[in-house]
Every structure is written in structure tokens, then in C-alpha cells.
Amino acid sequence: MLSILDFTKKKRKGEKITMITCYDYTSAVLTGKTGVDCILVGDSLAMTMHGFETTVSATTEMMALHIAAVARGATDKFIIGDMPFLSYRKALSDNMDAVQQIMQAGAHAVKLEGTAGNVGFIRHLVDSGVPVMGHIGLTPQFVHQLGGYRVQGRDDKAAKQLLQDAKALEEAGCFALVMECVPAPLAKKITESVGIATIGIGAGADTDGQVLVFQDLLGLNTEFRPKFVKQYLGGADLVTGAIDSYVEEVKTGVFPDAAYSFDAAKLAQPA
Ligand code: KIV
């Protein structure tokens, strides 16, 4: 299993880091059998697993339930758990309670969105033994504040701010950071300007690693297909095709045949 030290080691060696989101036990077992470096139990589960419109609907309890399932399924993967909307923007003791739930559910690190107002808390977490991954650029929990899902850091001022944010997160003790929907040249510049690993999504090829959402990578989500998503499987067609084959075979009496049925006479025979 990776440790937080490996993120920086990989960056230094120029070895790309791979991350995928994962939200349930079965997917975690499958993901655990792959060469992916780490798993993010992202608050995107509010959308992919629960059908909410935004990640704002994720709660700490929801996150903890999914993290525990993933941790049972992928026992050898480094797991990062997302802190959901506002769970780390309250009184310190409430914030710490939320982090405790996420870590005790089975996460090895937490991820939280944004920089302004988080730096002191990140330091406190790191000093308390909790590894923290930052998240800058398009931070989906800010969707209403940002006015939608838009590429961030488009002008000089915004680009400078993102660079400063990345440095502030490194300074605060983050071991890595996600950069989401940032122009590729800016993501490259930020990656070269910090010592911690950057994991990109919609941030071009020059970040230290990449992350994709499980459902997007497998082509399970047909309604949402942003430019940065590459589908490695036509999952939606495969799944609906398989279910339709099952329906057809049941209706026509093809399934279950003898191969899938118990025969009392054969069961009675000694082994
Ligand atoms: O919640 C999530 O899936 C994320 C990734 C998009 C980075 O934060």
C-alpha cells in the first residue's frame, strides 16, 4: 500500500500517480485488484450513488458509510476520504468530530476543498496525525458560489491566486493536492512550483497524477460527459445489454436451464 511519503517520492522520480474514485464494496474489491495507486471516496458519491444534483448534499454520515464499505473491499489501497460540504467550516470540535468519523471509517487521509479559511485547520489536522490532500481549481462544493462548473484560473489574477493557494496548502502540510478544471499550462506551472504531488482532473497531462470518477472511466454515466473524461469502457451499454439478455432469457424459458438448477437425485448421491 502507498503511504503519503510515496506521493512525493513518485513526483520526484517523475512516476505518474493514479487515483480513481470508488464508493462501494464490490467496486472496491475490483479496484483493489488493479494497479491503481489510491482510491478517493469522493463526495461526488452524492451524485453518482445517491442521485443528488450536486455534492452539496453529501453528509459526514453518508461519507463514513461508503468509506467503510470501500475499506472492507480494497484492503491494500491507500484511501482518501472527502470531507463533505461545510463539515470542516464549523467550530473546531465539530470539524474534528467529522474528521474522526471519516478516519475511523477507514480512510488513511482526508481531502478538503479550497484554501481560504482552511489553512489553520489543515495545520491542526497534520499536527494531529491526519494526512490532508488539498483540492483547488474547480471545487464542486462551491458550485453555487462559482456560478456553475467552470474552468478556473482563466485570467492572470485568478491564475496567480491558484498558484498562491497551492503554495499555501503545501506550507500548511498537505501531502498532495487535487487540481480540477484548470488550464493545462497553469496546472504545469503550479506542479513545477510546489514540492507536493498534484493530481489533475481536467488539468492536462503535466500534473503528477490523474484522477477520474469510477462511473465516468467505465462509461456508466451517459448523462454527464465533460471534455476531460475519457471512457475506457462502454459500461452503460454492456450493463443494460446484459440485463436485457437476462430478461429475454427468463421470458423465453432459456434461463434457468439444467446447468443452473438443482437436481434432487444428484444431490442425494454421496460425494
Ligand atoms: O468527489 C470527487 O469525486 C472529487 C474528484 C472529482 C477529485 O473530488
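Residues numbered from 1 in each chain as written. Predicted model: local features only at pLDDT ≥ 70, side-chain atom pairs only at ≥ 80, totals over all residues. Heavy atoms only, no water.

Participant: Tell me what's going on with the overall build of the chain, and back it up with residues and numbers.
Facilitator: Helices and strands together make up the secondary structure of the chain, namely twelve helices and eight strands. Projecting the C-alpha coordinates of the chain onto the three principal axes gives extents of approximately 75 × 40 × 35 Å. Sorting the 271 residues of the chain into buried and exposed places 46% on the buried side. Within the chain, counting contacts between residues at least 6 apart in sequence, those at least 24 apart form 58% of the total. Carbon and sulfur atoms make up 56% of the accessible area of the chain, which totals about 14,100 Å². The average position of the 25 basic charges and that of the 30 acidic charges among the side chains of the chain differ by 8 Å. (Helix = DSSP H or I, 4+ residues; strand = E, 2+ residues; numbered from the N terminus. Buried < 20%, exposed > 50% of the residue type's maximum accessible area, 1.4 Å probe, protein only. Contact = heavy atoms within 4.5 Å. Areas by Shrake-Rupley, 256 points an atom, 1.4 Å probe, with all protein chains shown as cover. Lys, Arg positive; Asp, Glu negative; His and termini not counted. Charge placed at Lys NZ, Arg CZ, Asp CG, Glu CD.)

Participant: Describe a negative patch on the surface, with residues and values.
Facilitator: Residues Asp-244, Glu-248, Glu-249 and Asp-257 make up a contiguous surface patch of negative charge. Inspection of the secondary structure puts Asp-257 in the loop between helix 11 (235-252) and helix 12 (264-268). (Patch = residues over 30% accessible without salt bridge, like charges linked within 9 Å, V, L, I, M, F, W, Y side chains within 5 Å. Salt bridge = Lys/Arg side-chain N within 4 Å of Asp/Glu carboxyl O.)

Participant: Give a description of the sheet that holds strand 2 (residues 38-41) that names residues and reports values.
Facilitator: The sheet built from eight strands closes into a barrel, its strands ordered 1-2-3-4-5-6-7-8 with parallel pairing. Strand-to-strand twist across the sheet, computed as the mean angle between neighbouring axes with direction ignored, equals 25°. Where strand 5 (residues 132-137) meets strand 6 (residues 176-180), five bridges bridge the pair, whose relative direction is parallel. Residue pairing across strands places Met-133 opposite Ala-176, the latter belonging to strand 6. (Pairing = 2+ DSSP bridges. Axes fitted to C-alpha atoms, helices over the stretch in contact; angles between N-to-C directions.)

Participant: Tell me about the pattern of salt bridges, and please be specific about residues and values.
Facilitator: Scanning all chains against the criterion turns up seven salt bridges. Across the pair Lys-13 and Glu-15 runs a salt bridge whose closest N-O atoms are separated by 4.0 Å. Measuring nitrogen to oxygen at the nearest pair gives 2.8 Å for the salt bridge that ties Asp-82 to Lys-111. Here Asp-82 is found in strand 3 (residues 78-82), whereas its partner Lys-111 is found in strand 4 (residues 109-111), with 29 residues between them in sequence. Connected through shared salt-bridge partners, Lys-10, Lys-13, Glu-15 and Asp-37 make up one network.

Participant: Can you lay out the site of the ligand for me, pointing to particular residues and giving the numbers?
Facilitator: By nearness alone, every residue bordering the ligand is listed as Thr-21, Leu-40, Gly-42, Asp-43, Ser-44, Asp-82, Lys-111, His-135, Val-178, Glu-180, Ile-201 and Val-213. Between the ligand and the protein, one listed contact pairs an oxygen atom with a side-chain N or O atom of Asp-43 at 3.0 Å. Interatomic distance of 2.9 Å between a side-chain N/O atom of Lys-111 and an oxygen atom of the ligand. Relative to its free-state accessible area of 250 Å², the ligand is covered by the protein chains to the extent of 95%. (Near = heavy atom within 4 Å. Polar contact = N/O pair within 3.5 Å; in protein donor to acceptor, adjacent residues only side chain to side chain.)

Participant: Can you break down the domain arrangement of the chain residue by residue, with the values?
Facilitator: Structurally, the chain comprises domain 1 (4-233) and domain 2 (239-268). Placing a centre on the C-alpha atoms of domain 1 and another on those of domain 2 gives a separation of 43 Å. (Domains from an automatic or database assignment.)

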